[in-house]
Amino acid sequence: MSNNTMIHIENLKKSFGDLTVLNGVDLDINKGEVVVILGPSGCGKSTLLRCLNLLEVPTDGKIFLDDTEITSPKTDLNKQRQKMMMVFQHFNLFPHLSILENLTIGPMKLKKVNKAEAEEKAMKLLKRVGLESKAKDYPNQLSGGQKQRVAICRALAMEPEVILFDEPTSALDPEMVGEVLDVMKNLAETGITMICVTHEIGFAREVASRVIFLDQGKVAEDASPKEVFQSPKHPRLKEFLSKVM
Amino acid sequence: MKLSKKIGSLFLIFTIAAAALCGCGNEIGESKVKTIDDLPGAIIGTQLGTTGDIYASDYEEEGSVIKQFNKGSDAIMALKQGKVDCVIIDNEPAKKYVSMNQNLSILDEEFVVEDYAICIAKENTELKDKINLALADLKEKGTLNEIILNYIGDESGNHPYVSPEGVNHSNGKLVMATNAQFEPYEYRENGEIVGIDVDMATALCDYLGMELEIQDIEFDSIITAVQSGKADIGVAGMTITEDRLKNVNFSDPYTTATQVIIVRNGGDSGNLLQLKEKFENNFIKDNRWKFITDGLLHTIQISFFAVLIGIVLGFLLAIIRFTCDTTRKFRILNWICKMYITVIRGTPAMIQLLIIYYVIFASVNINPVFVATVAFGLNSSAYMAEIVRSGISSIDIGQFEAGRSMGFNYVQTMWNFILPQAIRNILPALGNEFIVLLKETSISGYIGIIDLTRGGDLIRSRTYDAFMPLIGIALIYLAMVMFLSMLVGKLERRLKNDVK
């Protein structure tokens, strides 16, 4: 494991009852990388992402975040999770809190940031995604694209080292996909580590520094977007690309 | 919208009032019971657990129907309304009832003659001996006779019992259980419990150097109270019967009484008081409104604190149940919670109240208001637990994941994200539960608390009028429930405003 490694995954396995979803994934992700995980549906992309912050508890294997083994029972998982925010397919904003409160509750309650400071930071983030006028609104008053942009801001407000995106544009109307991808593109340029499960091939091609293809619970291909899209090696990858491109 | 609501509730109130008015306007003719020989086949009213009741049951084999009432006054009311043909009751209260109802009379033939005595717990023979000595002394000095004359006969009121001078009460407390709805033996006057039995017990205590404490409970609970040690003695115009002797001991008799038969004589009830007079008679005279206000205070006090207990315990149970169900851990704890909810929801609140008072706190001298608060709180918690659990389950799992993935722990996630949303969803159901609880407290009278319902009962037992006290109390409950609904509605709108 080099100094530059952000996440180190060793022989990760996950089964639900008799169904084995992940069957020994080994993966290293470096700081500042933008990794896109591709794969046919049911290949375990989302499960892999959800295992990374232990929303799903792995059946076997180890995950290290910045040299800390988060799969160890001794680890303070809540502390580790604060370094690694998740953006969900269905946004999962808190409907009983205003947009501003959605952004400030984490820093205020978990990092003991005072209210004024948290709100100032939140307003800056909202401005970055063009939603500062919505600060006092509630999630139900927003469109899907706006909700997802707020969800990304909520993740950023915690100043994480890694952001996990779980199909962030899948639940959006087509005309709203662009605004969310734009925010993600800008984010990628800041040098934050991003791991993204998506079907947006365009995004993978343009923004990703590395593409991982999962098949049958294992890493089938791990290469730069250029290699993956221009000269795919794995037959399943070829088949997959021919369907989606 | 608001206006139509108000008109609706007013309409409802008038309907109830009109129905009640019709009910008491009917005149019913003479009883078919005219002598003791008419008893077979008749519908006989009695007071539950009295000797009249016990003897009347002999007629059941001969085709009579016995209707047992909790209070003598209820039996009288049923007689007036033609629901029973006659009432068998103690001679002294019977005289009072008849004097207040011109259309009732007592049959000349006595039904049964009996002795009244004080009941004492079986194991407490020491107290029994002391009381027998004291009774003998009171009889010898004529004190007992004077006490009786003060309540019965032409000289009533002329011989009030006064404690001898210099008497001390250093020998501890003597708790007397009674049912203060049996004039002239025990009844309430201006909020005080008075009567022959009360004065006699006071005289006994003065002789024994003890301090008298009176507990006013249901008649059929008195023996239980003495047995369980809640009370030292039971004094309530009680006759010695074989069944009672199985459970308690009796002192020597202190007076002799007669059970008589009251019937309708076919005369005019003379009871057609105007509404205004009725109102004055029920609520103004002798400060009777105090029964209502005192009772209301207890009802509010019990309901308020029971709701608090119910909420705290209900949320705790719901969270434990939900957590165990989702994580499949702590199965034993989950099982205990499930059992608790099953048992509490599966038994009537009244039985729970009686069990807590007479079984769980049997040997402890404990404030009944506190017991009722705890009992109703526990009862409500089981219902609230299921309401809250349904609220928590209704929240999208994504909310949990969002909270946990940000680094909030389980409790923080529950507190900050799940419960606020759950409460908003279950508020109408919770409001409903508050209303049920408020009305459920009307059974507090069973452990001797004067709550709103019991306050009305006490007025009823003094005025023999069903209409005013019952309707009055119903209106007060209705007003409280409407106020409560309004508060819940306001809260609901405030929470809804957030989300729009």
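Residues numbered from 1 in each chain as written. Chains lettered and ligands numbered in written order. Predicted model: local features only at pLDDT ≥ 70, side-chain atom pairs only at ≥ 80, totals over all residues. Heavy atoms only, no water.

## A short note on the packing of aromatic side chains
What counts here: By convention, a stacked pair of Phe, Tyr or Trp rings (six-membered ring in the case of Trp) has centres within 6.5 Å and planes under 30 degrees apart, an edge-to-face pair has planes over 60 apart, and any other such pair is tilted. A run of H or I in DSSP counts as a helix once it spans at least four residues, and a run of E counts as a strand once it spans at least two, with each numbered from the N terminus. Burial classes follow relative accessibility: with a 1.4 Å probe on protein chains only, a residue under 20% of its type's maximum area counts as buried, one over 50% as exposed, and anything between as partly exposed. A ring has a charge above it when a Lys NZ or an Arg CZ is no more than 6 Å from the ring centre and no more than 35 degrees off the ring normal.
All chains considered together, the criterion is met by 12 aromatic pairs over all chains. With a centroid separation of 3.6 Å and 10° between ring planes, the pair formed by A:Phe94 and B:Phe417 is classed as stacked. Here B:Phe417 lies in helix α16 (residues 410-440) and A:Phe94 lies in the loop between β6 (84-87) and α3 (99-110), a pairing that spans two chains. B:Phe417 matches A:Phe94 in its accessibility class, with the two residues each being buried. Of the aromatic side chains, those joined through ring pairs into one cluster are A:Phe94, B:Phe408 and B:Phe417. In this structure, A:Lys14 packs its charged tip against the face of A:Phe16, placed 4.9 Å from the ring centre. The ring of B:Tyr357 has B:Lys230 lying over it, and the distance from NZ or CZ to the ring centre is 4.7 Å.

## Notes on the packing of helix α12 (residues 331-346) of chain B against helix α14 (residues 368-393) of chain B
All names here are of chain B. Threshold: Structural elements are reduced to axes, namely lines fitted to C-alpha atoms, with helices fitted over the stretch in contact, and the angle between N-to-C directions of any two is expressed from 0 to 180 degrees. When the near helix sits turned anticlockwise from the far one by under a right angle, the crossing is termed left-handed; a clockwise turn instead gives a right-handed crossing. Contacts: residue pairs with any heavy atoms within 4.5 Å of one another. Polarity classes work like this: nonpolar for Ala, Val, Leu, Ile, Met, Phe, Trp, Tyr, Cys and Pro, charged for Asp, Glu, Lys and Arg, and polar for all others, with Gly in that last group.
The N-to-C vectors of α12 and α14 enclose an angle of 120°; their axes lie 9 Å apart at closest approach. With respect to the hand of their crossing, α12 and α14 are arranged in left-handed fashion. Contacts from Tyr340, Ile341, Ile344 and Arg345 in α12 reach Leu378, Asn379, Ser381, Ala382, Tyr383, Ala385 and Glu386 in α14. Partitioned by chemical class, the residues of the contact of α12 with α14 number 7 nonpolar, 2 polar and 2 charged.

## A word on a negative patch on the surface
Under the convention used in this document: Think of a patch as exposed residues, more than 30% relative accessible area, with no salt bridge, where like charges cluster within 9 Å and nonpolar side chains (Val, Leu, Ile, Met, Phe, Trp, Tyr) cluster within 5 Å. The protein chains shown are the only cover counted for residues, whose accessible areas, like all others here, come from Shrake-Rupley with a 1.4 Å probe. The rule for a salt bridge is simple: a side-chain nitrogen of Lys or Arg has to be within 4 Å of a carboxyl oxygen of Asp or Glu. Residues scored as charged are limited to Lys and Arg (positive) and Asp and Glu (negative), so that His and the chain ends carry no count. For this purpose, a charge sits on NZ of Lys, CZ of Arg, CG of Asp or CD of Glu.
Residues B:Asp58, B:Glu60, B:Glu61 and B:Glu62 make up a contiguous surface patch of negative charge. A relative accessible area of 48% means that B:Glu62 is categorised as partly exposed.

## Some remarks on the pattern of salt bridges
Residue and element names in this part refer to chain B. Scanning the model with the defined rule gives 26 salt bridges over all chains in all. Between Lys71 and Asp74 there is a salt bridge, with the nearest N and O atoms lying 3.9 Å from each other. Comparing Lys71 with Asp74 shows no difference in burial state: the two are buried. One salt bridge connects Arg389 with Glu386, and the closest N-O pair in it is separated by 3.2 Å.

## Section: a nonpolar patch on the surface
Residues B:Phe330, B:Ile332, B:Leu333, B:Trp335, B:Ile336, B:Met339 and B:Val343 make up a contiguous nonpolar surface patch of about 750 Å² in total accessible area. Assignment of secondary structure puts B:Phe330 in the loop between α11 (289-327) and α12.

## Details of unusual backbone geometry
One non-glycine residue with positive phi stands out, namely A:Phe91, at about 65°. In this structure, A:Phe91 sits in the loop between β6 and α3.

## A few points about the environment of B:Val248
Residue and element names in this part refer to chain B. Residue placement: Val248 occurs in strand β12 (residues 248-250). By relative accessible area, Val248 is classed as buried at 0%. Counting along the chain gives 67 residues from Val248 to Phe315, while the straight-line C-alpha distance between them is 44 Å.

## Considering helix α5 (residues 144-157) of chain A
All names here are of chain A. Defined as follows: Under the convention used throughout, the expected extent of a helix is 1.5 Å for every residue step, that is, one less than its residue count.
Between its terminal C-alpha atoms α5 stretches 20 Å, which fits the 20 Å expected from 14 residues at 1.5 Å a residue. Counting buried positions along α5 yields 13 of 14 residues, so the element is predominantly enclosed. One or two positions beyond α5, positive phi appears at Glu159, with a value near 50°.

## Some details on the nonpolar core
What counts is decided by this rule: The definition of a nonpolar core used throughout is a set of buried Ala, Val, Leu, Ile, Met, Phe, Trp, Tyr and Cys residues joined through side-chain atoms within 4.5 Å.
One finds A:Ile7, A:Ile152, A:Phe165, A:Met184, A:Met194 and A:Ile195 to be the most contacted residues of the largest nonpolar core, which totals 142 residues. The element best represented in this core is α16(B), accounting for 10 residues. Aside from chain neighbours lying at most four places away, what touches A:Met184 is A:Ile152, A:Phe165, A:Pro168, A:Met194, A:Cys196 and A:Phe203. B:Ile193, B:Ile196, B:Met200 and B:Ala257 belong to the second largest nonpolar core, which has 35 residues in total.

## Quick word on the pairing of strand β9 (residues 210-215) of chain A
Residues and elements named next belong to chain A. We apply this condition: Pairing between two strands requires that DSSP report at least two bridges joining them.
Burial analysis of β9 places 6 of its 6 residues in the buried class, the great majority of the element. Burial along β9 is two-sided: the residues Arg210, Ile212 and Leu214 and Val211, Phe213 and Asp215 are all buried. Where strand β3 (residues 34-38) lies against β9, 4 bridges are found, and the strand directions are parallel. Looking at the pairing, Leu38 lines up with Phe213 of β9. Of the pairings in the sheet, the one linking β9 to strand β10 (residues 218-223) comprises 5 bridges and is antiparallel in character. What sits directly across from Leu214, in β10, is Val219. Counted along the chain from β9 to the antiparallel partner β10, the turn is 2 residues long, and its residue Gln216 has a positive phi close to 50°.

## Side note on the side chain of B:Ser381
Residue and element names in this part refer to chain B. Applied cut-off: Here a polar contact means two N or O atoms within 3.5 Å. Within protein one must be a hydrogen donor candidate and the other an acceptor candidate, and residues neighboring in sequence count only if both atoms are side-chain atoms.
Of note, Ser381 is situated in helix α14. Judged by its relative accessible area of 0%, Ser381 falls in the buried class. Only 2.6 Å separates the side chain of Ser381 from the backbone oxygen of Leu378, close enough to count as a polar contact. If we skip the residues at most four places from it in the chain, Ser381 touches Gly310, Leu313, Gly314, Leu317 and Tyr340.

## Considerations on the side chain of B:Gln47
Structurally, B:Gln47 is set in strand β1 (residues 43-47). On the accessibility criterion, B:Gln47 (2% relative accessible area) is buried.

## A closer look at a positive patch on the surface
A cluster of basic residues, A:Lys79, A:Lys109, A:Lys111 and A:Lys112, forms a positive patch at the surface. As for its placement among the helices and strands, A:Lys79 is situated in helix α2 (residues 77-81).

## Points about the interface of chain B and chain A
Quick reminder of the rule: Buried surface area refers to the total accessible area, computed with a probe of radius 1.4 Å, that the two partners give up upon joining, counted for both partners together.
Each partner contributes to the interface: chain B provides 21 residues, whereas chain A provides 25 residues. With both chains or domains summed, chain B and chain A bury close to 2000 Å², and 58% of this area falls on carbon and sulfur atoms. Where chain B packs against chain A, one counts 1 salt bridge. As a salt-bridge pair, B:Glu401 and A:Arg50 come within 2.6 Å of each other at their nearest N and O atoms. Here chain B is connected to chain A by 6 residue pairs in polar contact (both at pLDDT 80 or more). Per-class residue counts for the side of chain B that touches chain A are 6 nonpolar, 9 polar and 6 charged.

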